[in-house]
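Breakdown of the fold
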Amino acid sequence: MIHILVHTKEQRSERKVPKPVPPEYYQMLEELQVLDFVIVELTLYLDTHPGDQDAIQQYNLFIQQRKKAKKEFEKQFGALTSFGYSYSLAPWDWKNAPWPWQV
């Protein structure tokens, strides 16, 4: 069964226009994407080389850097994810666009 949600003209006019995104948003988001890429690549490598201690140390270092970068991003711009993976500012800010995948 498919449900279609129809908004009245008044509800559509009440929608908030997203605020302009500062350049730091994009810089910090790109840093997170780079860290994610490295982590995925190291994960794939470690799947086939589980005993490589240097790669494990690099993996753990990049995980630590990613956690720090995520914390800083969320402190400035709000949650990157929902469903218990990120804290929220008060008031609840997950509804505020743009979301990371919209930029």
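If you're wondering where the values come from, they're calculated on a predicted model, not measured in any experiment.

Here's the deal with the overall build of the protein
When its secondary structure is counted, the protein shows three helices and zero strands. Written out in order from the N terminus, the α and β elements of the protein read α-α-α. Considering only contacts in the protein between residues 6 or more positions apart, those separated by 24 or more positions represent 48%. Total accessible area on the protein stands at roughly 8,700 Å², and carbon and sulfur atoms take up 60% of it.

Section: the environment of Glu-41
With respect to the helices, strands and loops of the structure, Glu-41 is situated in helix H2 (residues 23-48). Placed 18 residues apart in sequence, Glu-41 and Tyr-59 show a C-alpha to C-alpha distance of 9.4 Å.

A word on the nonpolar core
Residues Tyr-25, Met-28, Leu-29, Leu-32, Leu-35, Ala-69, Phe-73 and Leu-80 constitute the largest nonpolar core, which totals eight residues. Broken down by secondary-structure element, the contributors of at least two residues to this core are H2 and helix H3 (53-77). Looking at this core, the element that brings in the most residues is H2, giving five residues.

What to know about H2
The terminal C-alpha atoms of H2 lie 39 Å apart, and with 26 residues this matches the ideal 38 Å at 1.5 Å per residue to within 8%. For H2, every residue scored as buried is listed here: Tyr-25, Met-28, Leu-29, Leu-32, Leu-35, Ile-39, Leu-42 and Leu-46. On its buried face, H2 is in contact with H3.

Focus on the confidence of the model for the protein
This prediction gives the protein a mean pLDDT of 79; 62% of its residues lie at or above 70. Taken element by element, the predicted model of the protein shows its lowest mean pLDDT in helix H1 (residues 9-13) (57) and its highest in H2 (94).

Scoring rules and cut-offs
- Residues numbered from 1 in each chain as written.
- Predicted model: local features only at pLDDT ≥ 70, side-chain atom pairs only at ≥ 80, totals over all residues.
- Heavy atoms only, no water.
- Helix = DSSP H or I, 4+ residues; strand = E, 2+ residues; numbered from the N terminus.
- Contact = heavy atoms within 4.5 Å.
- Areas by Shrake-Rupley, 256 points an atom, 1.4 Å probe, with all protein chains shown as cover.
- Core = buried A, V, L, I, M, F, W, Y, C linked by side-chain atoms within 4.5 Å.
- Buried < 20%, exposed > 50% of the residue type's maximum accessible area, 1.4 Å probe, protein only.
- Expected span 1.5 Å × (residues − 1).
- pLDDT = per-residue confidence, 0-100.

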